[in-house]
Protein chains: 2
Amino acid sequence: MEKMSHVVKKRKLDKSRQERLYFDSYTDVTIHEDMIADYVRTNTYRTAIMRNSELIRGKVVLDVGAGTGVLSIFCAQAGAKKVYAVEACSIAEEAVRIVRHNNLQDRVEVIRGTVETVDLPEPVEVIVSEWMGYALLHESMLNSVVYARDKWLKPGGLILPSKAELYIAPVCDPVVEDRLHFWYTVKEQYGVDMSCMSDFARRCIMNSDITVNFVSIEDVLSHPARFAELDLYTVTAEELRSVKGQFRCESFGSSAASGLCVYFTVTFSCPDKPLVLSTSPFKAETHWKQAVLYFDAPVRVVQDTAVAGEVSMYPSEDSARHVCIRVDYTIGEQKGQTKTFSIPDWSGEAQS
Amino acid sequence: MEKMSHVVKKRKLDKSRQERLYFDSYTDVTIHEDMIADYVRTNTYRTAIMRNSELIRGKVVLDVGAGTGVLSIFCAQAGAKKVYAVEACSIAEEAVRIVRHNNLQDRVEVIRGTVETVDLPEPVEVIVSEWMGYALLHESMLNSVVYARDKWLKPGGLILPSKAELYIAPVCDPVVEDRLHFWYTVKEQYGVDMSCMSDFARRCIMNSDITVNFVSIEDVLSHPARFAELDLYTVTAEELRSVKGQFRCESFGSSAASGLCVYFTVTFSCPDKPLVLSTSPFKAETHWKQAVLYFDAPVRVVQDTAVAGEVSMYPSEDSARHVCIRVDYTIGEQKGQTKTFSIPDWSGEAQS
């Protein structure tokens, strides 16, 4: 008897409970440890902030969802006159201690609350925020950045990062292949033929969950296609209610495609050249991993098979912080299909 | 932003919802895959059943919580005249297909329902059940075996397994040590001193959750002490409301003890010599791993430091299927402490 896994039921949560769960989820140290230990993430932000020190020096900065306050401290180190580190979770208490520990309490002010409700003493010249969720939009903190931009950023102010892009590519998943094959191996091991479980396994594994996992380079079956771009200076809350775009990928060669992989990049403008934080499977791993959307069953592709269609990302009706991804797609000559995915409500880290 | 982890809040669930969540949790294939793929588990049951074929041949068997029906099929293969495979989850539908696939539908009858409510056509001579949860008693399926024994087992009948034993030992956890140390390394990496987070990290990590994880042999700090034994022929539901016992361990050498590790064995009587299914850290890994109970902070021990006290395991007041473990302990000359642990309600697999 395996005991704890997968008690994952979808249901409606009332709004206040959703918010409470969302903010409570940041009171554990693991999340902050994973974020700080993610060198690609933290170092890219640090580098972007340092390279923009000309624009930050002597300025007022707002850090939206500051967490432990590390980005706020980077901004102070880059010369900011004042940084408002806005954080709704109780981790704000730790941020206060860290700021003081680094003797920056005169320049970094931690403000506990949501950016939608706090009152800043002044408008700001720079907004920095690490707002990206799984599949970019999960937990939709970008709405808070947009809100803060419209309310607090002076005209001509700087936003770090300033652009986000979404990509998609067909992938195969050898772990799924192995798991489906497993049931054919039971007879040899224990003398019981359990091969008829493979179909049940397929339905359980290739489900409608957005699966957050590392995709290996060799499992990406085509050049990724960019299907959406968001300009943080101009994007509106209304536009974020449906982020969509078309894609067309052509398979490198023969394989069993398990599904589609979605990932994102964000770009920081810098005086010399832009700096990109990428969560691509072709780049160094980040704690965001990739978002995998499984087909209902593996699909055979050969060289140049077209995998094409439209991706649409929007907030779940059940919980506005949860992202849904609808994909309308065709594979080669097959007739078009539609599948809608979401992140399980009570999910822990995906097992692999 | 890390997005999904640790939305783990304890709260009261109404009874019917608890039961529904419990049984729903077995509809996913992963759980069954983990159990069947656990060779120590499945092969020990298979061996025990085959070695008892003299007692099983021509007899009527009850499999309590049959899952995919694999143990029932082993019993049929060992010569049972009839096996009643009682299973409350929808996985029973797969068990029906597997039984038919193995052409045993005349001898293995899958009955969907709880053993407390189903009506068998006849009493049985053998009960087989794989009822063990994390820390042995989590999800307390042993109560169902006891109920089935009293209601359906003929006098002199066989129970497989027939004995369970619980062990405890102090352990160190280098992963926890690393995680607490991590916050001291941030300054070197990013130029921000976050060492003051270590105390918050300690409170989050060394909490009151029962942590299910693999303990390495070299991290066990003493000979394990057996603190409880359950005889499945005689144990009562009343006795299962509080399983407790004393222990005394003496440290092998100097170390920082992170907590206590609890594990179990179950024993099958066999005609020649008993067969033991062990989840000890000194034996091959099983999907049960070990249950780790962290102290509030690491404690220095040296050679022969006594770690002694009493363990008490009982069902949670919030959910009768959840186990609580209370430990009253002293370490060396320190004054006695008490800490009570439970398994988080919504937990996925423990991360490490």
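The structure presented is a predicted model; accordingly, all values stated were derived computationally and were not measured.

Caption draft 1: Spotlight on the domain arrangement of chain A. Residues and elements named next belong to chain A. Considered domain by domain, chain A is made up of domain 1 (15–130) and domain 2 (165–342). Of note, the centres of domain 1 and domain 2, computed from C-alpha atoms alone, are 31 Å apart. Between the two partners, domain 1 and domain 2, sit zero salt bridges. Where domain 1 meets domain 2, there are two residue pairs in polar contact (both at pLDDT 80 or more). Counting residues per element, the ones that place at least two in the side of domain 1 that touches domain 2 are α1 (15–24), α2 (29–37) and α3 (39–51). Residue composition of the side of domain 1 that touches domain 2, grouped by class: six nonpolar, four polar and six charged.

Caption draft 2: Representation of the UniProt feature "domain: Protein arginine N-methyltransferase" (unreviewed entry) in chain A within the structure. UniProt annotation of "domain: Protein arginine N-methyltransferase" (unreviewed entry) refers to residues 163–333 of chain A when read in the numbering used here. End C-alpha atoms of residues 163–333 of chain A are separated by 35 Å, and the span's content is 17% helix alongside 44% strand.

Caption draft 3: Examining the confidence of the model for chain A more closely. All names here are of chain A. On average, chain A scores 92 in pLDDT, and the residues at 70 or more come to 90%. In the predicted structure, residues 1–13 sits below a pLDDT of 50 and forms 64 contacts with residues beyond four places in sequence or in another chain. Confidence over residues 347–352 falls short of pLDDT 50; this stretch has 14 contacts with residues more than four positions distant or in other chains. Overall fold confidence (pTM) sits at 0.90, and the ipTM for the predicted complex is 0.89.

Caption draft 4: Structural view of the environment of leucine 232 of chain B. By the secondary structure assignment, leucine 232 of chain B is in the loop between β8 (225–231) and α10 (237–240). If we ignore the near neighbours within four places in the chain, the residues touching leucine 232 of chain B are Trp131, Leu142, Val145, Arg149, Ile159, Pro161, Ser162, Lys163 and Ala164 of chain B.

Caption draft 5: Inspection of helix α3 (residues 39–51) of chain B at higher detail. Given a rise of 1.5 Å per residue, 13 residues ought to cover 18 Å, and the 17 Å separating the end C-alpha atoms of α3 of chain B matches this to within 8%. Where α3 of chain B begins, the side chain of aspartate 38 of chain B points an oxygen toward the backbone nitrogen of valine 40 of chain B, at a separation of 3.3 Å.

Caption draft 6: Main features of the sheet that holds strand β3 (residues 108–112) of chain A. Residues and elements named next belong to chain A. With respect to topology, five strands assemble into an open sheet ordered β3-β2-β1-β4-β5, the strand pairing being parallel. The sheet terminates laterally at β3 and β5 (153–160), the two strands that pair on one side only. Here the average twist between neighbouring strands, direction ignored, is 25 degrees. Pairing between strand β2 (residues 82–87) and β3: five bridges, direction parallel. Paired with valine 83 across the strands is valine 108, a residue of β3.

Caption draft 7: Seen up close, unusual backbone geometry. Residues and elements named next belong to chain A. The residue after leucine 160, namely proline 161, is reached through a cis peptide bond having omega -5 degrees. Look at lysine 289: it is not a glycine, yet its phi comes out positive at around 50 degrees. The residue lysine 289 is located in the loop between β11 (275–278) and β12 (290–301) in this model.

Caption draft 8: Representation of the environment of glycine 67 of chain B within the structure. All names here are of chain B. Within the secondary structure layout, glycine 67 lies in the loop between β1 (60–64) and α5 (70–77). With a relative accessible area of 8%, glycine 67 lands in the buried category. The residues touching glycine 67, leaving out its near neighbours within four places in the chain, are His32, Glu87, Ile91 and Ala95.

Caption draft 9: Quick peek at the packing of aromatic side chains. In the structure shown here, the tally under the stated rule is 14 aromatic pairs over all chains. Ring plane angle 75 degrees and centroid distance 5.0 Å describe the contact between phenylalanine 182 of chain B and tryptophan 183 of chain B, whose orientation is recorded as edge-to-face.

Caption draft 10: Representation of the pairing of strand β2 (residues 82–87) of chain B within the structure. Residue and element names in this part refer to chain B. Here β2 lies mainly inside the structure; six of its six residues are buried. One crossover worth recording links β1 to the parallel β2 by way of α5, and it is right-handed. Traced from β2 through helix α6 (residues 91–101) to strand β3 (residues 108–112), the parallel crossover comes out right-handed.

Caption draft 11: Local environment of the packing of α3 of chain B against α5 of chain B. All names here are of chain B. As a packed pair, α3 and α5 sit with axes 9 Å apart at the nearest point and diverge in direction by 25 degrees. As far as their axial angle goes, α5 and α3 are roughly parallel. The handedness of the crossing between α3 and α5 comes out as right-handed. From α3, Thr42, Tyr45, Arg46, Ile49 and Met50 reach across to α5, where they touch Leu71, Phe74, Cys75 and Gln77. The class makeup of the residues in the contact of α3 with α5 is six nonpolar, two polar and one charged.

Caption draft 12: Fine view of the sheet that holds strand β14 (residues 323–331) of chain A. All names here are of chain A. The four strands lie next to each other as β9-β13-β14-β15, forming an open sheet whose pairing is antiparallel. Bordering the open sheet on either side are β9 (243–250) and β15 (337–342), each of which pairs with just one other strand. Here the average twist between neighbouring strands, direction ignored, is 20 degrees. As paired strands, β14 and β15 are joined by six bridges and run antiparallel to one another. Across the sheet, cysteine 324 pairs through a bridge with serine 342, a residue of β15.

Caption draft 13: How the structure looks around the pairing of strand β12 (residues 290–301) of chain B. Residues and elements named next belong to chain B. As paired strands, strand β7 (residues 211–213) and β12 are joined by three bridges and run antiparallel to one another. Bridge assignment links threonine 211 to a residue of β12, and that residue is valine 292. By the bridge criterion, seven bridges tie strand β10 (residues 255–268) to β12 in an arrangement that is antiparallel. Looking across to β12, one finds that leucine 260 is bridged to leucine 293.

Parameters at a glance
Residues numbered from 1 in each chain as written. Chains lettered and ligands numbered in written order. Predicted model: local features only at pLDDT ≥ 70, side-chain atom pairs only at ≥ 80, totals over all residues. Heavy atoms only, no water. Domains from an automatic or database assignment. Salt bridge = Lys/Arg side-chain N within 4 Å of Asp/Glu carboxyl O. Polar contact = N/O pair within 3.5 Å; in protein donor to acceptor, adjacent residues only side chain to side chain. Helix = DSSP H or I, 4+ residues; strand = E, 2+ residues; numbered from the N terminus. Nonpolar A, V, L, I, M, F, W, Y, C, P; charged D, E, K, R; others polar. UniProt positions renumbered as here; feature names shortened; annotations may be inferred. pLDDT = per-residue confidence, 0-100. Contact = heavy atoms within 4.5 Å. Expected span 1.5 Å × (residues − 1). Pairing = 2+ DSSP bridges. Axes fitted to C-alpha atoms, helices over the stretch in contact; angles between N-to-C directions. Buried < 20%, exposed > 50% of the residue type's maximum accessible area, 1.4 Å probe, protein only. Phe/Tyr/Trp six-rings, centres within 6.5 Å; stacked < 30°, edge-to-face > 60°. Right-handed = clockwise from strand over helix to strand, strands pointing away. Parallel < 35°, antiparallel > 145°, perpendicular 65-115°, else oblique. Left-handed = near helix turned anticlockwise from the far one by under 90°.

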